[in-house]
Amino acid sequence: MGHQKSASTLAAYETRLVHMRGGGRREARELTVPSSECPTLDIGIESVCKIDTLFIRKGVQRWKDLRKVGQRTLNIAGEDGSLLIGQWIMWEGSKGFLKKLAMAADSNQMGAIHTILIHAGQWTLESCIVQSINGIAMEARERAMVELRSCTVGGGGEEEYLARTGLIAASHANVSMIGGSVVFCDAAGARVMDTGRLTLQGCRVCKNQIGISLQGECVLHVRDASLSNIVASLRIDEQSRYTAQVFMSGNQMEGTAWYGDRVPARQPSDPADQVGDEDWSDPDVVEHMQQGSRSFA
């Protein structure tokens, strides 16, 4: 009898907990921050479940510590004028969407390296502004899947408001950006590293020192984009010329295209939109450089 009572009590508690977190409902909820139910962002994040949306009212939400999202789904939307100041890290197993939010971090005041760092999560950002001052606005790594729709990523302006880098795709991460801009970066607007993949479609990459930097066995697709940057729009290091793949079509480019005139190597059999110089594409040289890159990694 005691065991049966204990089991029934536990089941009742679990049912109550599920309902507190929004489970067992046929309709998704929208919880608002700030409100009487969710006076703070912390309480709001703890209160929503995977089918709910957390709605952020106009105003500033600020925090000092790193805000971590673990193995869960989190959907956040913002009212015009809502600003979140602080660092985010999305761990493996996390997923969700961020919509109509302005998100920023200042490395000078907060020691913030990233505004958003995504490890192996699956995230969609729509109509968001992600800014950093003297840091990295967004980085995806470790097989993260990220889609940005009509977002602006980078710094908050010129001079002291520049970001170091706007967007990074590294270590098997796959990032696609449709519409939107990568702007105001003191180093590169976007970096594609290691085995990262980046697709830019209909985007503006402008007002950065270097538009896009490539390193390692990365893959870059740029379609119907506009590139206008201070030093050059594209940069690739010497060894990565033989390992990186770059595909470009329908783009408008102002100023210097490739820093130092270094372009990727390509084979005559490669697709027509794959950028490169066949004069540097002796098969034996390419194979040697690729093997050297893998052994180094």
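Up top is the structure these notes are about.
We now turn to the structure provided with this report. This structure is a prediction, so every number in the text was calculated from the model and none was measured. (Residues numbered from 1 in each chain as written. Predicted model: local features only at pLDDT ≥ 70, side-chain atom pairs only at ≥ 80, totals over all residues. Heavy atoms only, no water.)

Here we take up the overall build of the chain. In terms of regular secondary structure, the chain is built from four helices and 27 strands. Per-residue burial over the chain gives 46% buried out of 297 residues. Here the contacts in the chain between residues at least 6 apart in sequence split such that 48% fall between residues at least 24 apart. With the model as given, the accessible surface of the chain reaches about 15100 Å², and the carbon-plus-sulfur share is 48%. (Helix = DSSP H or I, 4+ residues; strand = E, 2+ residues; numbered from the N terminus. Buried < 20%, exposed > 50% of the residue type's maximum accessible area, 1.4 Å probe, protein only. Contact = heavy atoms within 4.5 Å. Areas by Shrake-Rupley, 256 points an atom, 1.4 Å probe, with all protein chains shown as cover.)

What follows covers the sheet that holds strand β22 (residues 210-214). Strand pairs in the sheet, formed through backbone hydrogen bonds, run parallel or antiparallel to each other. With parallel pairing, the eight strands of this open sheet are ordered in space as β4-β7-β10-β13-β16-β19-β22-β25. The sheet terminates laterally at β4 (67-69) and β25 (232-236), the two strands that pair on one side only. For this sheet, the mean angle separating the axes of adjacent strands, direction not counted, is 15°. Bridge analysis of strand β10 (residues 114-119) against strand β13 (residues 136-141) gives five bridges, and the strand direction is parallel. Paired with I118 across the strands is A140, a residue of β13. (Pairing = 2+ DSSP bridges. Axes fitted to C-alpha atoms, helices over the stretch in contact; angles between N-to-C directions.)

With parallel pairing, the ten strands of this open sheet are ordered in space as β1-β2-β5-β8-β11-β14-β17-β20-β23-β26. Each of the sheet's edge strands pairs with one partner strand only, and the pair in question is β1 (30-33) and β26 (245-249). Along the sheet, successive strands turn relative to each other by an average axial angle of 10°, direction set aside. For β1 and strand β2 (residues 53-56), the ladder comprises four bridges, and the chain directions are parallel. Counted as the bridge partner of V33 is I56 from β2.

This part takes up the side chain of E139. Looking at the element boundaries, E139 is found in strand β13. A residue is classified by how much of its surface remains accessible, and E139, at 8% relative accessible area, is buried. When residues no more than four places from it in sequence are discounted, the contact partners of E139 are H114, I116, L117, I118, I168 and A170.

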